[in-house]
Amino acid sequence: MHPYLQIIKGTIDEYATYRLSFILWRVRLVVQLLVVYFMWWALFAGHDTLFGYSQGAMLTYVLFSSFVRPFVMGTRTQEVAELIRSGNLSNYLVRPFNFLGFCASRDIADKLLNVLFAVFEIIVLYFLLRPELFIQTDMVMIFLSCMALVMGMILFFFFSLLISYMGFWTPDVWAPRFLSFVFAEFFTGALFPLDILSGPLYLIAKSLPFFYFIYFPLKVYLGQLTPIEILQGFSIGFVWTAGLWWLAVIVWNRGLRAYTAEGK
């Protein structure tokens, strides 16, 4: 078996071993989704539209964000910082595969499981809640939204990896990772569409890479962006992706020069 496929299989087996932890994680996400869903459902009481969204469009955005979020933001790259801190990174550097490919394979396994559960959860919630959903039928928009999802996934991968690379210089990566994810959670559009923010705050959100994690793919799917806005979004997202990849390569190479693993 190809080594990367073996890594994916091993990661899935690892989740199966600690399945209670994974199930509790999914329960937490479902509870968070229900809180946001019923909040918007209550806000739309007596309103046909709110913040420029119909109830169907808003509830579609909220429900589908629960699918997009694990696909884009599901990751195992937080483990890299611990590998660096403990010195166990050495065990991977001498193996016959690329470490970046190892991290990507772990992430793919994580995303496969999370997306599988997310699809199941959305189907169950749909039949329980019977929300009015917007179903995109334009195949071009569906294709573009899938491309936006892939772009957001790659962008987040390098963003998360860069935070873990801080482990080359500091043993405490948990605090900056937590703070950055709290900040990112707000500006990804996971909880609400970013265009309901005030003008200046929306422009700030649009200038950040988090904009392309969840908000941009969902807006493409909903068909609420003009062709110029879609082209602009992909262009800026590609620049962010290339920039973070380039930065990750530089930080990795410099980090290896600073890396020590006494006793390993």
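The shown structure was predicted, so the numbers you read here are calculated from the model rather than taken from an experiment.

Cut-offs applied
- Residues numbered from 1 in each chain as written.
- Predicted model: local features only at pLDDT ≥ 70, side-chain atom pairs only at ≥ 80, totals over all residues.
- Heavy atoms only, no water.
- Patch = residues over 30% accessible without salt bridge, like charges linked within 9 Å, V, L, I, M, F, W, Y side chains within 5 Å.
- Areas by Shrake-Rupley, 256 points an atom, 1.4 Å probe, with all protein chains shown as cover.
- Salt bridge = Lys/Arg side-chain N within 4 Å of Asp/Glu carboxyl O.
- Helix = DSSP H or I, 4+ residues; strand = E, 2+ residues; numbered from the N terminus.
- Axes fitted to C-alpha atoms, helices over the stretch in contact; angles between N-to-C directions.
- Parallel < 35°, antiparallel > 145°, perpendicular 65-115°, else oblique.
- Contact = heavy atoms within 4.5 Å.
- Nonpolar A, V, L, I, M, F, W, Y, C, P; charged D, E, K, R; others polar.
- Buried < 20%, exposed > 50% of the residue type's maximum accessible area, 1.4 Å probe, protein only.
- Core = buried A, V, L, I, M, F, W, Y, C linked by side-chain atoms within 4.5 Å.
- Expected span 1.5 Å × (residues − 1).
- Polar contact = N/O pair within 3.5 Å; in protein donor to acceptor, adjacent residues only side chain to side chain.

Caption draft 1: Molecular detail of a nonpolar patch on the surface. On the surface, Ile 23, Val 27, Val 31 and Val 35 cluster together into a nonpolar patch covering about 330 Å² of accessible area. Relative to the helices and strands, Val 31 resides in helix 2 (residues 19-43).

Caption draft 2: Region of interest: the packing of helix 7 (residues 139-164) against helix 8 (residues 174-187). In contact at an axis separation of 9 Å, helix 7 and helix 8 are set at 150° when each is read in the N-to-C sense. Taken as axis vectors, helix 7 and helix 8 run roughly antiparallel relative to one another. Contact with helix 7, carried on its side by Phe 156, Phe 159, Ser 160, Ile 163 and Ser 164, involves Arg 177, Ser 180 and Phe 181 of helix 8 and no other residues of that element. Looking at the contact of helix 7 with helix 8 residue by residue, the classes come out as four nonpolar, three polar and one charged.

Caption draft 3: Quick look at unusual backbone geometry. A positive phi angle, close to 55°, is found at Phe 51, a residue other than glycine. Within the secondary structure, Phe 51 is located in the loop between strand 1 (49-50) and strand 2 (53-54). The phi dihedral of Arg 130 falls on the positive side, at around 50°, and the residue is not glycine. When you line up the elements, Arg 130 lands in the loop between helix 6 (99-129) and helix 7. The exposure class of Arg 130 is exposed, given its relative accessible area of 55%.

Caption draft 4: Just the pattern of salt bridges, in detail. Counted under the stated rule, the structure contains seven salt bridges. Put simply, Arg 26 and Glu 121 hold a salt bridge, and the shortest N to O gap is 2.7 Å. With Arg 26 in helix 2 and Glu 121 in helix 6, the pair connects residues that are 95 residues apart, well separated along the chain. Judged by its relative accessible area of 14%, Glu 121 is buried. Between Arg 85 and Glu 82 there is a salt bridge, with its nearest N and O atoms 2.7 Å apart.

Caption draft 5: Region of interest: the nonpolar core. Within the largest apolar cluster, 72 residues are counted, with the highest numbers of intra-cluster contacts made by Trp 40, Leu 89, Phe 99, Tyr 165, Leu 194, Phe 213 and Phe 216. Broken down by element, the residue count for this core peaks at 12 residues, all from helix 7.

Caption draft 6: Representation of the environment of Ile 8 in the model. As for its placement among the helices and strands, Ile 8 is situated in helix 1 (residues 3-17). Expressed as a C-alpha distance, the spacing of Ile 8 and Ala 104, which sit 96 residues apart in the sequence, is 9.2 Å. Apart from the residues lying within four places of it in its own chain, the contact partners of Ile 8 are Ser 105, Ile 108, Ala 109 and Leu 112.

Caption draft 7: Region of the structure containing helix 6. Its 31 residues give helix 6 an end-to-end C-alpha distance of 44 Å, which sits within 8% of 45 Å, the value for a rise of 1.5 Å per residue. Between a side-chain oxygen at the N-terminus of helix 6 and the backbone nitrogen of Leu 100 the separation is 2.8 Å; the capping residue is Asn 98. Taken from the residues just after helix 6, Arg 130 is the one with a positive phi, measuring 50°.

By themselves, these observations are geometric and do not establish any function.
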